[in-house]
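Below are the chains, spelled out letter by letter.
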Amino acid sequence: MKGSNHKQDLNTIAEKEKKDFSDFQGKHLLLELYGCNFDKLNDELYLRCQLTSAAKLANAVVLNIVSNKFEPYGVTAIALLAESHLSIHTWPESSYSAIDIFTCGRNMKPNLASQFLIESLEASNHVMKSINREYPPFIEEQIRETF
């Protein structure tokens, strides 16, 4: 009997570890924002700050931000995250923005980041596509913790 309980305990632990690895999966959100505030879409510094705030809400660590202001309108900004990336491309003249939020790891909250950006850019409408990115099984031993 004792051996049977031990085997059951090992199975429980194995299932828990399997669940822990399944929690690792990446989430990739593709966000289309319509009817956004022109001035906010055209403000490079504002957008850099919004990307930083969105990343923090997602529990991500910002490693670097690169951005470019286009003339006469538009901004592209990319936040390199320890957990992947967050990017925004804006067309203020069309009140439109395309946003990419990709997070990998445990305890990530990309949906909070997306809701924050929808609200902060004052989008009147949006479309979001979500892609679950499963890690390849051969990297189970290589999963890294963030800082």
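Presented here is an overview of the structure given in this document. (Residues numbered from 1 in each chain as written. Predicted model: local features only at pLDDT ≥ 70, side-chain atom pairs only at ≥ 80, totals over all residues. Heavy atoms only, no water.)

### Details of unusual backbone geometry
Next up, step 1: Cis geometry marks the peptide bond from E71 to P72; its omega dihedral reads 5°.
Next up, step 2: When you line up the elements, P72 lands in the loop between strand 2 (62–69) and strand 3 (75–81).
Next up, step 3: If you check the backbone angles, N59 has positive phi at about 70° while not being a glycine.
Next up, step 4: Along the chain, the position of N59 falls in the loop between helix 3 (44–57) and strand 2.
Next up, step 5: Phi angles above zero are rare outside glycine, and E122 is one such case at about 55°.
Next up, step 6: Overall, E122 belongs to the partly exposed group, its relative accessible area being 41%. (Helix = DSSP H or I, 4+ residues; strand = E, 2+ residues; numbered from the N terminus. Buried < 20%, exposed > 50% of the residue type's maximum accessible area, 1.4 Å probe, protein only.)

### Things to note about helix 3
Next up, step 1: Over its 14 residues, helix 3 runs 20 Å from end to end, which matches the ideal 20 Å to within 8%, given 1.5 Å per residue.
Next up, step 2: Within the span of helix 3, buried status applies to L47, Q50, L51, A54 and A55. Projection of helix 3 onto a plane perpendicular to its axis shows the buried side chains occupying an angular sector of 135°, all on one side. Facing away from the buried side of helix 3 by over 90 degrees, the exposed positions are L45 and K56.
Next up, step 3: Of the surrounding secondary structure, the elements contacted by the buried residues of helix 3 are helix 2 (38–41), strand 2, strand 3, strand 4 (84–91) and helix 4 (110–120).
Next up, step 4: Near the N-terminus of helix 3, the side chain that reaches the backbone nitrogen of L45, with its oxygen 3.2 Å away, is that of D43.
Next up, step 5: Count one or two residues on from helix 3 and you reach N59, which has phi positive near 70°. (Expected span 1.5 Å × (residues − 1). Arc of directions from axis to C-beta. Contact = heavy atoms within 4.5 Å. Polar contact = N/O pair within 3.5 Å; in protein donor to acceptor, adjacent residues only side chain to side chain.)

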